[in-house]
Structure formats: structure tokens, C-alpha cells
Amino acid sequence: MSSDNAALLLEPPVLLGEMLVAEGLISGADLDKALALQERVGGRLGSVLMRIGAVSEDSLLQVLGRQLDLPQLGVDFPLPDEEALRAAGAMIPAGLDWLIDQQVLLWQEVDGEWRCAARDPLLPSLREGLRHALPGVRVRYCLCRSQDLERLLDALARSVAAGQGDAGDVQHLREMAEEAPVVELVSNLLAQAVEQRASDLHIEPEERIFSVRFRIDGVLHSRLQLPRERFDAVASRLKLISGMDIAERRLPQDGRMSTRVGGQEMDIRVSALPGVHGESVVMRLLPKERKELGLERLGFEADHLAMMRDWTAAANGIVLVTGPTGSGKSTTLYAALAAANDGFKKIITVEDPVEFQLPAVTQIQAHPDIGLTFANALRSILRQDPDVIMIGEIRDLETAEIAVQAALTGHLVLSTLHTNDAISAFTRLVDMGVEPFLVATPVRAVQAQRLVRRLCDCSRPARGPALVESEVAPLVAKVFGEVPAQWREPVGCPKCLGTGYKGRLGIYEMVPVSESMQHLIVSGASVNDMKALARSEGCRFLREDGLLKAWQGLTTVEEVLRVAGT
């Protein structure tokens, strides 16, 4: 055994777990849990930490590289091509089949140096096998990301054998889903998504590949492409752990799971939708613990914040929050409930699903499949003597009518609607079948919102567009007084993954229902007439509120126009 290889097999001077804890990548509790599991089932500590979702593979490999003084494939030097891998397989007695079976990449660089990447490059049996296969040859070992290893091995496997096993067989799908590489890949994707602050993880199959994309701050970013042959195993794994039917691939399915990922407790909603090339799988990542539940943390300007506090302190009426999916409506409602929860009120919610739990609030999960619809749940809620009711969404006439009756009988009702702007909420309720006078009387206020990306600290000063500056200046003077413009532009750094943006904040359109607005609603006035009245009463619309935030250097004009339109 060479002195280099012998040194690598010695116990490293600093333990991996201690290094990960010292760098804040895992907690002491995560380490204790992983060590206990390792004692029961064996395996490398790093692999165990990934399987329980405590750390992502990228973070693990960085620390392992420093601990073991090993380079990382794809980081310290480029990935080998398939031709070099096939040539190496032809040069060893066991052949390419042995390398594929052992999950090993072996190749010779143009300078003659041999390199090897494997799931566990320290494995004694691997090193012994290569010493026999390449006697007298010095092999340089390196670390490798699982997805790179899987992709290259799959390409090799396709070059030596045609066809795959029967993916339609349920038992075969289940076996694939339980394979250690698949379990690690899924755990690693989830950990990476959490580390990069993704709200959704998309897995999308195509004819020859499948793609993994993360939605970060509302924008999709491509993260990975793998061979299509690996997709069935990954999709089966996700369906298995989220409680779906693993054999059903023709109908849409929904599932959910709770797990610890990247050191956080997460609720994950999973949706599988059949497509031409297979099921598109989307995961919504919902942290169980959120720290941004205060209204003051959501991006309200001072005047809007005061209005929202007044609305949530009201004794009765309906307050509606509108916007498309993913615009932060649920977060706003939860923050409003937290503001209304003074300890003297009975607060009940009916949601589908309950995204995360609030203290001292009774939360009901709707189950339409067993008859527990929003409307049925609301009827029961009214017999529970509530002060504040939150309805996840007003979807139909029956739910809308019960909400109206609840508001008219002395309850404060908070709910959401899917409309493009605040004013359209009135016509949406009328279109559902609610009488106009029953819309005008109980609805106290309507708010529309969107989310724009917040500039990272790496942003730099910029000049604002002249037309926009002249448009916004009077509004700034009205809201803030004499405040100089602080336009900024994105730059990009490692903290924001090179995007220039990190986090999001809300832009809002808030319309209180005045007597004049009630008159227009009852008389069936057009949306344009109601918007004109709202503007005359001092309402500012989404685009204007966004430009106020761009003026302050919190976001950019381009981002506001992307979200709120021109």
C-alpha cells in the first residue's frame, strides 16, 4: 500500500461531526441523532446525516474535502467524458460492468494520471480491487456529488446494455424507491432546496432527461438535470414517503409529509400531475416555525400598517385579502390573526391545508372527500362562540353566504379570494351569486398584494428612470415627506446565489369600503368607476406601492414592473 493511500485510511485528526457542528451546518442534536442511527445501521456518518436531512451534499463535500484533503470532482477539476470512462473500463480485467456494479468512475487524464471517484472513495475493498486491476499504478481518489456519479454511471450503463427493468411493476418501483442512492438523492435535493431558501421544488420529466428546479423568491432556477431512467425511482420515492399510491401514474395525486430537512422541521405538500413524459412532481416547502408573522415584517408602509391593524381590531365585518397563488395571502392572514389574538378572543380557522399552526387558535383542516367542506365546517364553527373566523378561501356561493351571515351577526371574518386586484373582489362575490347589498354591507375592507424580490446587501446605488422618478416624487412627498430617492440595482454575490436579490417583501393595495363605495357596489357600477372612487379617496395601487419601495432602495423598478405590470 502506498504511503498516500495508507495515510488516507488513518482516522482523521478532526472528526467530521465536530467540523460540521463548528461551522454551524448541523446542530448538536442532529449529530447525536445521526451517531445513534449510525450505531444501529452502520455506514459513513456523512451519508447518515444526509439521509436524515440534516445537511446537504454540497455542504458535506466541502467539509469532507478539507478533512480528508481530497479534491472534489466537478469543482477542483472537470468531470470526465464518457469516452474516457469507457476506455478505462476496457483496460481493467473486470471490465466496465464491474465499475458500474461497484458505482465507481475510473479514468485516465491526458497527462497519464489515473483518477477514481466513488460514493465512498475510502472503502478498503474498492482500493484493494483497483490495486489488483491496475498493479503498480498510483490512483488519485476524489469526492463526487451523487447526481454527477449517477448521471455518468447511467450513461455508461446505457452504452453496455439496452433497456431497463419493468418500471410498471409495483414491487420493482418500491424496491427502486428504497435503494440507498435514491434515498440519498431525494434527501439531498430537499436539503439543498431548504439551504437555498426555495419555496417549491419542481421535478419535471422530459423525453431523455428530467430537470430539477427550485423556486427561490418567486422565480424558478434550474439546478440539476439527470437521465430519464432515474426518474421513476425518484418519483416513486417521493410518492412513497408522501402517502400516495405508488402504482397510480395516470391520475393526479396529492400527498404530504412532515420531516426534518436542513436542521428545520418542515411540512411538505406534494403534487403529482401526469404528463406526456411522466408525472410532474412539485413540492411546496412549508417551515413549521416561522418568525415573520408580525405585520410589521411583511413590508407594509406606515399608513397601510395602521389600516391593517384597525381592520383586524374591528368587532365584526369581512376583511378580504386577494391575489394569485403564491402572493403571500396566507402569511398575511396568519399575521393578521396573530395581531388580533389578544388573549380575550376565541379564534377559529378552517383551512385546506393548515399550513402551519398558531398558538391559542383552533385550526380545522377541511376534508371535502368526507364531507367536511368549508361551508359545513363554518356552520359548526358558528356554534363554537367565536369572535374571529378565518376562512382559507371563499370558493363558492355557499361559503360566501355563510361568511356574510357570520359578519352580519357580530363576527370578524378574514378570508382570501383569487382576483387580480382589490376592487375586483366586489364583482367576484357578486358573480358568485351574493346579492350586491350583502356584499356592500358586511365587507369592511379589501386588500390586494403581490411579492417582489428584496435587494441583497450587495446591491449598489443606481440612477432611477426619469419618467418613473417624476411619477413617484409627488406620492413620496405625500407619504413620507421630503425623502431623497435611494434607487439601487442588483449586483450578485454568493449569499444571494448571484441573483442580486435575497428574500421578498409585499406590495399592497388597500381599499376600505366607504359609504360612497357601498353605493357603487349596490348600484352595480363598473370596476373602473370603483377604482376612480378609490383613487379619489387616497388609495394607491400595487404598482405605486411597489415604486415607493424601489424609491427607498428595497427593490428595483424592474422587479416592480415584472410583478405589478407596466
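Residues numbered from 1 in each chain as written. Predicted model: local features only at pLDDT ≥ 70, side-chain atom pairs only at ≥ 80, totals over all residues. Heavy atoms only, no water.

## Comments concerning the sheet that holds strand 6 (residues 219–227)
- Ordered in space as 6-5-4-9-8-7, the 6 strands form an open sheet in which the pairing is antiparallel. For this open sheet the edge positions go to strand 6 and strand 7 (253–261), each flanked by a neighbour on one side alone. The average angle at which neighbouring strand axes cross in this sheet is 20°, direction not considered.
- Pairing of strand 4 (residues 198–205) with strand 9 (residues 278–287) involves 4 bridges; the strand directions are antiparallel. In the strand pairing of strand 9, His-202 is matched with Val-282. (Pairing = 2+ DSSP bridges. Helix = DSSP H or I, 4+ residues; strand = E, 2+ residues; numbered from the N terminus. Axes fitted to C-alpha atoms, helices over the stretch in contact; angles between N-to-C directions.)

## A look at the side chain of Arg-230
- Along the chain, Arg-230 falls in the loop between strand 6 and helix 12 (231–241).
- Looking at Arg-230, its side chain comes within polar contact range of the side chain of Glu-150, at 3.3 Å.
- With sequence-adjacent residues up to four places away left out, Arg-230 is seen in contact with Glu-150, Asp-154, Pro-181, Val-182 and Phe-210. (Polar contact = N/O pair within 3.5 Å; in protein donor to acceptor, adjacent residues only side chain to side chain. Contact = heavy atoms within 4.5 Å.)

## Points about the pattern of salt bridges
- If you walk through the whole model with that rule in mind, you get 36 salt bridges.
- Measuring nitrogen to oxygen at the nearest pair gives 2.4 Å for the salt bridge that ties Arg-66 to Glu-23. Placement of the pair is Arg-66 in helix 5 (residues 57–68) and Glu-23 in the loop between helix 2 (16–22) and helix 3 (28–41), with a sequence separation of 43 residues.
- The class of Glu-23 is partly exposed, set by a relative accessible area of 41%.
- Here Glu-393 ties to Arg-395 by a salt bridge, and the two come within 3.3 Å at their closest N and O atoms.
- For Glu-393, a relative accessible area of 18% puts it in the buried group.
- One connected set of salt bridges, linked through shared partners, spans Arg-119, Glu-150, Asp-154, Glu-184 and Arg-230. (Salt bridge = Lys/Arg side-chain N within 4 Å of Asp/Glu carboxyl O. Buried < 20%, exposed > 50% of the residue type's maximum accessible area, 1.4 Å probe, protein only.)

## Topic: the pairing of strand 6
- Two elements, strand 5 (residues 209–216) and strand 6, share 8 bridges in a ladder whose sense is antiparallel. Paired with Phe-214 across the two strands is His-221, which belongs to strand 6.
- Joining the antiparallel neighbours strand 5 and strand 6 is a turn of 2 residues, in which Asp-217 adopts a positive phi near 55°.

## Some points on the sheet that holds strand 11 (residues 347–351)
- Taken in spatial order, the 7 strands line up as 12-11-13-14-10-15-18 in an open sheet, and their pairing is mixed. With one partner strand each, in any of the chains shown, strand 12 (362–365) and strand 18 (501–512) form the two edges of the open sheet. Looking at each pair of strands side by side, their axes are set apart by 20° on average, direction ignored.
- Pairing geometry for strand 15 (residues 443–455) and strand 18, over 10 bridges, is antiparallel. Bridge assignment links Ala-448 to a residue of strand 18, and that residue is Glu-509.
- Each of strand 11, strand 12 and strand 13 (388–391) touches helix 15 (residues 374–381); the most contacted strand, strand 11, lies at about 165° to it.

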